[in-house]
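Coordinate inspection notes
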Amino acid sequence: MSTESALRTIELIRCAGKAASAYRSAQKALREAHDEHSAVQAQLNHWNDHIHAMGGADRASPAHSALLSAVQEHQETERKLRKAEARLQRASTTTQGHRPALNRYPTERTRRRATTVLLDRLADYPVDLIRAADLIIIQTSSGKDSLVAMHRTVTAAQAAGCLHKVRVMHCDLGSEWPGVAELARRQAEHYGIPFHLVTPDGGFLGMVENRQMWPDAKRRLCTSALKRDPTGPVITTWVGELGLDRQAIVLNVMGVRGAESASRALKARLALDSRTTSANRLVLTWNIIHGLSEEDVWQDIASNGLEYHPIYDTGLERLSCVYCVLAGPDWLILATRVCFALELPHPQTFTELERRIGHSFKLDFTLNAIVAAARMLDAIEGPITWRRGDALRRHLGPAAADQYLALTR
Ligand code: SF4
């Protein structure tokens, strides 16, 4: 099956699934409307019989007003019933339009399975996938994984002669390590691809201040409300600018690796983004470096002389917000000691906010306690120090670090 056919089939299955689910919910709505109507009909019959048995009732009597209100409710439920019937009729017509796909992929499970198989096959041929795409967006944090994801995407796009389709997007929450946004821009400029900066209103600290609560692993509003939601409108604008008279194929590249966590290991290399996909765009999330290990990533950086953020040299293995709500105590203590060494205001800013809102940064410890522990360690061991290339020394050895430094000097 060609790449184009596979993409078309994925879209057909998606639409068939949507039609089937719309039909099911229209059926449910009709059943509910029927039940409501029958209950009101029973009330109406009851009051009719009651008044009849009494040989009539005058207009001021309670039985008469109960009858009147039952008549009104009956009319209302009649209207709802007609509406639900019309909705089911429309859903049925749409479902008929998707009948061939529904016959072939009759259940939700079959549809999901077929989509997964097709996407998996597409992920095996990155150059073909890029050729078939109309727009390729690299969502970068400017961290090491994003950097290698960008490098690999650009390399494949160049091989496909499609570098013009690639754009880079970075979301700046204002709580990252210094130089992150500037580095993201430089990394994009290095490949000559357009760079777009998204700056959500208020950023991370504004959101915490508004909610008077820190996000946590279960309610990761910092990623959903501040990173994911603001990027949707940008994709809409870019797809609009393509001016296509058919559905656009959009690849959304992320630097997610399976080795990072159990939940990330379950993610696919290529997945349908049903939330962002619509009639005018089929959006696929492309975890292009899903199979790479941490060492593979550093190897790519070293051999290609890619510019990585100096924070990795301090021993911090992730380029995140200075204080990440998902991080453990050791990581946060090290981050605080790095802040001390760089004379950054974050420990003070964050602990003041923690005090002001009266909500602990993490469920089981405060940031205040973290800062105190970092101070104590600095007093015992002295301030921490590092050298450019330490991240590569740790992961690949001194020779690789020396080679990288010579290459990037
Ligand atoms: S790095 Fe951590 S705190 Fe920052 S946005 Fe991501 S999950 Fe939230």
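Residues numbered from 1 in each chain as written. Predicted model: local features only at pLDDT ≥ 70, side-chain atom pairs only at ≥ 80, totals over all residues. Heavy atoms only, no water.

This part takes up the packing of helix α1 (residues 3–53) against helix α4 (residues 108–123). Packed helix pairs are characterised by how far apart their axes lie and by the angle those axes make with each other. Where α1 contacts α4, the axes come no closer than 10 Å and their chain directions differ by 160°. With respect to α4, the axis of α1 lies roughly antiparallel. Relative to α4, α1 is oriented so that their crossing is left-handed. The segment α1 lies against α4, with Thr3, Ala6, Leu7, Thr9, Ile10, Ile13, Gly17, Ala20 and Arg24 engaging Arg111, Ala114, Thr115, Leu118, Leu119 and Leu122. Classifying every residue of the contact of α1 with α4 gives nine nonpolar, four polar and two charged. (Axes fitted to C-alpha atoms, helices over the stretch in contact; angles between N-to-C directions. Helix = DSSP H or I, 4+ residues; strand = E, 2+ residues; numbered from the N terminus. Parallel < 35°, antiparallel > 145°, perpendicular 65-115°, else oblique. Left-handed = near helix turned anticlockwise from the far one by under 90°. Contact = heavy atoms within 4.5 Å. Nonpolar A, V, L, I, M, F, W, Y, C, P; charged D, E, K, R; others polar.)

A word on the nonpolar core. Soluble, globular proteins show a tendency: their nonpolar side chains are buried together. If you look at the biggest cluster of nonpolar residues, it comprises 100 residues, and the most contacted ones within it are Ile130, Trp177, Phe204, Ile301 and Tyr308. Examining the composition of this core, we find that seven residues originate from one element, helix α6 (residues 144–159), more than from any other. Setting aside residues no more than four positions away along its own chain, isoleucine 130 makes contact with Ile136, Thr153, Ala156, Ala157, Ala160, Cys162, Lys165, Leu251 and Trp286. Grouped together as the second largest cluster of nonpolar side chains are seven residues, Ala26, Ala33, Ala84 and Ala91 included. (Core = buried A, V, L, I, M, F, W, Y, C linked by side-chain atoms within 4.5 Å. Buried < 20%, exposed > 50% of the residue type's maximum accessible area, 1.4 Å probe, protein only.)

Take the packing of aromatic side chains next. Applying the stated rule across the entire model yields ten aromatic pairs. Ring centres of tryptophan 298 and tyrosine 312 lie 5.4 Å apart, and the angle between their planes is 85°; this geometry places the pair in the edge-to-face category. Of this pair, tryptophan 298 sits in helix α11 (residues 294–304) while tyrosine 312 sits in the loop between α11 and α12 (329–342), and the two are 14 residues apart along the sequence. Take tryptophan 298 and tyrosine 312: they sit in the same class, and that class is buried. (Phe/Tyr/Trp six-rings, centres within 6.5 Å; stacked < 30°, edge-to-face > 60°.)

The next subject is the domain arrangement of the protein chain. Buried accessible area, meaning the area lost when the parts come together, often serves as the stated size of an interface. Along its sequence, the protein chain is carved into domain 1 (3–114), domain 2 (125–286) and domain 3 (298–408). A straight line from the C-alpha centre of domain 1 to that of domain 3 covers 57 Å. (Domains from an automatic or database assignment.)

This part takes up the site of the ligand. In the vicinity of the ligand, the contacting residues are Leu173, Phe204, Cys222, Thr223, Ser320, Cys321, Cys324, Val325 and Leu326. Looking at the shell around the ligand residue by residue, the class counts come to seven nonpolar, two polar and no charged. (Near = heavy atom within 4 Å.)

This next bit is on unusual backbone geometry. At serine 142, a position not held by glycine, the phi torsion is positive, near 75°. Within the fold, serine 142 resides in the loop between β1 (135–140) and α6. Positive phi values are uncommon outside glycine, yet glutamate 343 reaches one of about 55°. Overall, glutamate 343 belongs to the exposed group, its relative accessible area being 71%.

A word on the side chain of aspartate 378. Looking at the element boundaries, aspartate 378 is found in helix α14 (residues 367–381). Leave out the neighbours within four places in its chain, and aspartate 378 touches Arg337, Phe340, Pro383 and Ile384.

Moving on: helix α16 (residues 398–408). Residues of α16 that are buried include every one of Ala400, Ala401, Tyr404 and Leu405, and no others. The buried residues of α16 occupy one face: seen down the axis, they fall within an arc of 135°. Exposed and facing more than 90 degrees away from the buried side of α16 are Pro398, Ala399, Gln403 and Leu407. (Arc of directions from axis to C-beta.)

Looking now at the side chain of aspartate 313. Among the structural elements, aspartate 313 can be located in the loop between α11 and α12. Taking the relative accessible area as the measure of exposure, aspartate 313 reaches 3% and is therefore buried. A distance of 2.7 Å separates the side chain of aspartate 313 from the side chain of tyrosine 308, its partner in a polar contact. Within polar-contact distance, the side chain of aspartate 313 engages the side chain of arginine 388 at 3.1 Å. (Polar contact = N/O pair within 3.5 Å; in protein donor to acceptor, adjacent residues only side chain to side chain.)

It is worth spelling out helix α13 (residues 346–357) at this point. The end-to-end C-alpha separation of α13 is 16 Å, in line with the 16 Å expected for twelve residues at 1.5 Å each. Among the residues of α13, His346, Pro347, Phe350, Thr351, Leu353, Glu354 and Ile357 are the ones counted as buried. The buried residues of α13 occupy an angular sector of 155° when the element is viewed end-on, so they sit on one face. Exposed residues pointing more than 90 degrees away from the buried face of α13 are listed as Gln348, Arg355 and Arg356. Residues of α13 that are buried sit in contact with α8 (203–211), α12 and α14. Remark: glycine 358 follows α13 within two positions and exhibits a positive phi of approximately 65°. (Expected span 1.5 Å × (residues − 1).)

Moving on, we come to a positive patch on the surface. Among the surface-exposed residues, Arg220, Lys227, Lys267 and Arg318 lie close enough to one another that they form a single positively charged patch. Inspection of the secondary structure assignment puts lysine 267 in the loop between α10 (262–265) and β5 (270–272). Exposure remark for lysine 267: the relative accessible area of 41% places this residue in the partly exposed category. (Patch = residues over 30% accessible without salt bridge, like charges linked within 9 Å, V, L, I, M, F, W, Y side chains within 5 Å. Areas by Shrake-Rupley, 256 points an atom, 1.4 Å probe, with all protein chains shown as cover. Salt bridge = Lys/Arg side-chain N within 4 Å of Asp/Glu carboxyl O. Lys, Arg positive; Asp, Glu negative; His and termini not counted. Charge placed at Lys NZ, Arg CZ, Asp CG, Glu CD.)

Let us look at the environment of tyrosine 105. Within the secondary structure, tyrosine 105 sits in the loop between α3 (99–104) and α4. Along the chain, tyrosine 105 and threonine 115 lie ten residues apart, while their C-alpha atoms are 10.0 Å from each other. Setting aside its immediate chain neighbours within four residues, tyrosine 105 contacts Thr9, Ile13, Thr110, Arg111 and Ala114.

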